[in-house]
Amino acid sequence: MPRLSLGAVITVGTFDGVHLGHRDLLARVASRAAARSLPSLLVSFDPHPLEVVNPSAAPPLLTTTEEKLQGVAESGVEYVIIVPFTPALAALDASEFVERVLLERFCLRELVIGYDHGFGRRRGGDVNVLRELGKQHDFSVDVVEAVALDGVPVSSSAIRRAVSYGDFAGAERMLGRRYSFSGRVGHGDERGRLLGFPTLNVRMESPRKLLPPTGVYAVHIQSGRGSFGGMMNLGPRPTFGDSALSLEVHLFDASGDWYDSCVRVEFVQRMRDTKRFESPDALVAQLREDERAARAALTQVEA
């Protein structure tokens, strides 16, 4: 990236979720870079820093690295660097991180950060520290205030809480899009086909991805073939004595061979708990009710 040698407008962070607050900050980075005729750059990390410095406190992810890159691609920021987060990197204090990473490697000219940002060892690089470093090394620091909804700041932790409670409307408001996961369609035991409800068995990209509670959901599927409504069982299949977590999606008004296809599953509404039925016939009767409920939920969303 030879353009970075001219200097860059940079922001730094995990940006998990690429939510409305992140998108506002990234738009400001792109705007500042355009005003100064400089490239714009997001420096992010993989894995999540807490997985290295305090694994027991590391949160499940709202976005995998690939999902994060897709979100940032829509922001107008020109470059994204995913820095491997290692114990050695974690040991750098704020001054060392700025000098060795942002200045030496990426030619920092202007730093744009959130109001509560902190980086370097023990997150010691707060706004005041960074402004002092800016005076020493001749770069400016712009602080972006939080985006708030109903007076509450949008944050990754708030979105995780919403998803964990199955509050998809709340999560969607803060994300600016439906909460989703991506995966590849694999082979299953084809029980659904025998019951008259064939399913796509979706294998997630990352085990670190946050999923809502187990249950049956109305969903939208985005794929190379287009967009489809459907319903999904997230969890075990107790009627058949299967306790393993599965992600099985029955598509409405779609057919064909989906094996090895990449899909994105968007959560629309939780309909019921996963439960055991006395017989396959009783399960089929419930699945017919689930389909009616899911189609109604999807119609309300699209109206």
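Residues numbered from 1 in each chain as written. Predicted model: local features only at pLDDT ≥ 70, side-chain atom pairs only at ≥ 80, totals over all residues. Heavy atoms only, no water.

1. Notes on the packing of helix α7 (residues 156–164) against helix α8 (residues 168–175)
Between α7 and α8, the least distance of the axes is 8 Å, while the angle of their chain directions is 155 degrees. The angle between α7 and α8 places the two elements in the roughly antiparallel class. Relative to α8, the crossing made by α7 is left-handed. Residue-level contacts link Ala158, Ile159, Ala162 and Val163 of α7 to Gly170, Ala171, Met174 and Leu175 of α8. In terms of residue class, the contact of α7 with α8 is made up of seven nonpolar, one polar and no charged. (Axes fitted to C-alpha atoms, helices over the stretch in contact; angles between N-to-C directions. Helix = DSSP H or I, 4+ residues; strand = E, 2+ residues; numbered from the N terminus. Parallel < 35°, antiparallel > 145°, perpendicular 65-115°, else oblique. Left-handed = near helix turned anticlockwise from the far one by under 90°. Contact = heavy atoms within 4.5 Å. Nonpolar A, V, L, I, M, F, W, Y, C, P; charged D, E, K, R; others polar.)

2. Some thoughts on the packing of aromatic side chains
Centre-to-centre distance and the angle between the planes together describe a pair of aromatic rings. Enumeration according to the criterion identifies eight aromatic pairs in this entry. Centre to centre, the rings of Phe45 and Phe97 are 6.3 Å apart; their planes meet at 55 degrees, and the pair counts as tilted. Highlighted residues: Phe45 in strand β2 (residues 40–46) and Phe97 in helix α5 (residues 94–103), separated in sequence by 52 residues. As far as burial versus exposure is concerned, Phe45 and Phe97 are alike and both buried. Between Tyr179 and Phe267, the aromatic rings sit 6.2 Å apart at their centres with planes inclined by 20 degrees, giving stacked as the arrangement. Of this pair, Tyr179 sits in the loop between α8 and β8 (180–186) while Phe267 sits in strand β13 (residues 262–272), and the two are 88 residues apart along the sequence. Note on accessibility: Tyr179 and Phe267 belong to one class, buried. Within the aromatic cluster, the residues linked to one another by ring pairs are Phe168, Tyr179, Phe181, Tyr217 and Phe267. When the ring centre of Phe252 is taken as reference, the NZ or CZ atom of Arg295 above it lies at 4.4 Å. (Phe/Tyr/Trp six-rings, centres within 6.5 Å; stacked < 30°, edge-to-face > 60°. Buried < 20%, exposed > 50% of the residue type's maximum accessible area, 1.4 Å probe, protein only. Lys NZ or Arg CZ within 6 Å of the ring centre and 35° of its normal.)

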